[in-house]
Amino acid sequence: MSLIRAAHLSKRFGEVLAVDDLSLNVSAGEIYGLVGPDGAGKTTTMRLLCGAYPPSPGIHPAQIEIDGWDVVRQREQARERLGYLPQRFSLYEELTVLENIRFFAEVRGLTAEEWRPRSEEILDFVGLSAFTERRAGALSGGMKQKLGLAVALVHRPRVLLLDEPTTGVDPVTRQDFWQLIIRLVSQRDEQGRAAVLVSTPYMDEASRCTRLGFMRQGRLMAEGSPAELLHSFDGCIIEVKGSPLMVLRQLAHELPDVEDVSMFGDRLHLKLKPKASSARVIQQMQNMKREGSLRIDQIEKISPGLEDVFMEYMRREG
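Note that the structure is predicted; figures quoted are calculated from it, not measured. (Residues numbered from 1 in each chain as written. Predicted model: local features only at pLDDT ≥ 70, side-chain atom pairs only at ≥ 80, totals over all residues. Heavy atoms only, no water.)

### Focus: the pattern of salt bridges
Right, on to step 1. Per the counting criterion, the structure on display carries 23 salt bridges.
Right, on to step 2. Lys144 is the salt-bridge partner of Glu93, the closest N and O atoms lying 3.4 Å from each other. Within this pair, whereas Glu93 is found in the loop between strand 6 (82-85) and helix 3 (97-107), its partner Lys144 is found in helix 5 (residues 141-153), the two being separated by 51 residues in sequence.
Right, on to step 3. In this structure Glu93 comes out as partly exposed when scored by relative accessible area, which is 36%. (Salt bridge = Lys/Arg side-chain N within 4 Å of Asp/Glu carboxyl O. Helix = DSSP H or I, 4+ residues; strand = E, 2+ residues; numbered from the N terminus. Buried < 20%, exposed > 50% of the residue type's maximum accessible area, 1.4 Å probe, protein only.)

So, in structure tokens, the structure goes:
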């Protein structure tokens, strides 16, 4: 069952088309990841889905449904089924953890008999049971995100929108947060399983999603499970570590068998042309060590990752 249905979403800010005729569906039990660089339209898409922005007129009329309720015409019913964690911490820093949950629960119309037991359940779920009296402003970055998740879950939403929830937190907290997301969609209550739409710039997080949508300039370039997207990659990747990396990148670009070169941190990924010999390219790169002060510490043929697939779609889009 699709809990998020969106068709022909467009959003224009002046001359900038931030979202361009985007459509997606997310079913119960799914974690759908929106992946793309800054400015791709991920946050604007989230705000359209939760009703914070009205869609701009497009070639086709926009449609947005959350658990069967139209976000434009049935706003209140749709929002009752929706939890939203924005990119920036937006809770009240002068209130305690419990006071924040109480405030947002009562805004949602929950009575004390409803929100008190629910708050205990949620705080235990996110690991904040021992910090109920701590002011939100005194929490670490990771704990603030967990509080934001707790607030988003207080009214038992069927749909959860998470906008880059782990940006700026440490790797351990990132792991903890994703364990919470996975547990959330695996649980089934009387209403069934929830659906999660999450945006992320991290490919290791993207690999945890059920399905992915690669975004660029407001449009979906590609969509599918991580396995399907990896299978769509047609080519060979050579990984190179060495220095100076920018010089090696330029020289690799000049090799006739190399179609494209991407930089990932301290390494290069060389995508070879169809039918090119990986052994020949490796030998050509090894020969570069003889030129000046170039150094190659490691070079090998590797299986493509989601980063390589994403960069290939970016290259095709031009």
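### Re the nonpolar core
Right, on to step 1. Core analysis: the largest hydrophobic core is formed by 48 residues, its most contacted members being Leu147, Leu162, Val196 and Phe214.
Right, on to step 2. The contacts of Leu162, once residues within four sequence positions are left out, are Met46, Leu85, Leu149, Phe177, Ile181, Val196, Leu197, Val198 and Ser199.
Right, on to step 3. Leu3, Leu24, Val26 and Leu49 belong to the second-largest nonpolar core, a separate cluster that totals 25 residues. (Core = buried A, V, L, I, M, F, W, Y, C linked by side-chain atoms within 4.5 Å. Contact = heavy atoms within 4.5 Å.)

### Considering unusual backbone geometry
Right, on to step 1. In the segment running from Ser243 into Pro244, the intervening peptide bond is cis, with an omega of -10°.
Right, on to step 2. Relative to the helices and strands, Pro244 is located in the loop between strand 11 (237-243) and helix 9 (245-253).
Right, on to step 3. Even without being a glycine, Asp67 presents a positive backbone phi close to 50°.
Right, on to step 4. Checked against the element boundaries, Asp67 lands in the loop between strand 4 (63-66) and strand 5 (69-70).
Right, on to step 5. For Asp67, a relative accessible area of 13% gives the class buried.
Right, on to step 6. In this model, Arg156 sits at a positive phi of 55°, which is unusual for a non-glycine residue.

### Some thoughts on the packing of aromatic side chains
Right, on to step 1. Tallied over the full model, the rule gives six aromatic pairs.
Right, on to step 2. Between the aromatic rings of Phe214 and Tyr313, the centroid separation amounts to 6.2 Å while the plane-to-plane angle is 65°, which identifies the pairing as edge-to-face. A residue pair is termed long-range when its members are at least 10 positions apart, and Phe214 in strand 9 (residues 211-216) and Tyr313 in helix 11 (residues 306-317) qualify at 99 residues. Neither Phe214 nor Tyr313 differs from the other in exposure class; each is buried.
Right, on to step 3. Site record: aromatic cluster; members linked through ring pairs are Tyr92, Phe103 and Phe104.
Right, on to step 4. Residue placement shows Arg174 over the ring face of Tyr202; its charged tip is 4.0 Å from the ring centre.
Right, on to step 5. The cationic tip of Arg316 hangs over the ring face of Tyr313; the distance from NZ or CZ to the ring centre is 4.8 Å. (Phe/Tyr/Trp six-rings, centres within 6.5 Å; stacked < 30°, edge-to-face > 60°. Lys NZ or Arg CZ within 6 Å of the ring centre and 35° of its normal.)

### Some remarks on the sheet that holds strand 9
Right, on to step 1. On the basis of which strands lie adjacent, the open sheet formed by six strands has the order 6-7-8-3-9-10 and mixed pairing. Only two strands of the sheet have a single partner each, and these edge strands are strand 6 and strand 10 (219-224). Strand after strand, the sheet turns through a mean of 15° between neighbouring axes, direction not considered.
Right, on to step 2. As paired elements, strand 3 (residues 31-35) and strand 9 share four bridges and run parallel to each other. In the sheet register, Val35 faces strand 9, and the bridge partner there is Phe214.
Right, on to step 3. The strands touched by helix 11 are strand 3, strand 9 and strand 10; relative to strand 9, the strand with the most contacts, the crossing angle is about 40°. (Pairing = 2+ DSSP bridges. Axes fitted to C-alpha atoms, helices over the stretch in contact; angles between N-to-C directions.)

### Quick look at a nonpolar patch on the surface
Right, on to step 1. The grouping of Tyr92, Phe103 and Val107 at the surface amounts to a nonpolar patch, some 280 Å² of accessible area in total.
Right, on to step 2. The exposure class assigned to Val107 is exposed, which follows from its relative accessible area of 58%. (Patch = residues over 30% accessible without salt bridge, like charges linked within 9 Å, V, L, I, M, F, W, Y side chains within 5 Å. Areas by Shrake-Rupley, 256 points an atom, 1.4 Å probe, with all protein chains shown as cover.)

### With respect to the environment of Leu248
Right, on to step 1. Following the sequence through the fold, Leu248 ends up in helix 9.
Right, on to step 2. Given a relative accessible area of 0%, Leu248 falls into the buried group.
Right, on to step 3. Once the C-alpha coordinates of Leu248 and Met288 are considered, the two residues, 40 residues apart in sequence, prove to be 8.4 Å apart.
Right, on to step 4. For Leu248, the residues in contact, after removing those within four places along its chain, are Gly242, Ser243, Leu268, Met285, Leu294, Arg295 and Ile296.

### Re the packing of helix 5 against helix 6 (residues 171-186)
Right, on to step 1. Where helix 5 contacts helix 6, the two axes come as close as 10 Å, and the packing angle between them is 15°. Judged by the inter-axis angle, helix 5 sits roughly parallel to helix 6. Handedness of the helix 5/helix 6 crossing: right-handed. Across the interface between the two elements, Gly142, Gln145, Lys146, Leu149 and Leu153 from helix 5 touch Thr173, Asp176, Phe177, Leu180 and Leu184 from helix 6.
Right, on to step 2. The class makeup of the residues in the contact of helix 5 with helix 6 is five nonpolar, three polar and two charged. (Parallel < 35°, antiparallel > 145°, perpendicular 65-115°, else oblique. Left-handed = near helix turned anticlockwise from the far one by under 90°. Nonpolar A, V, L, I, M, F, W, Y, C, P; charged D, E, K, R; others polar.)

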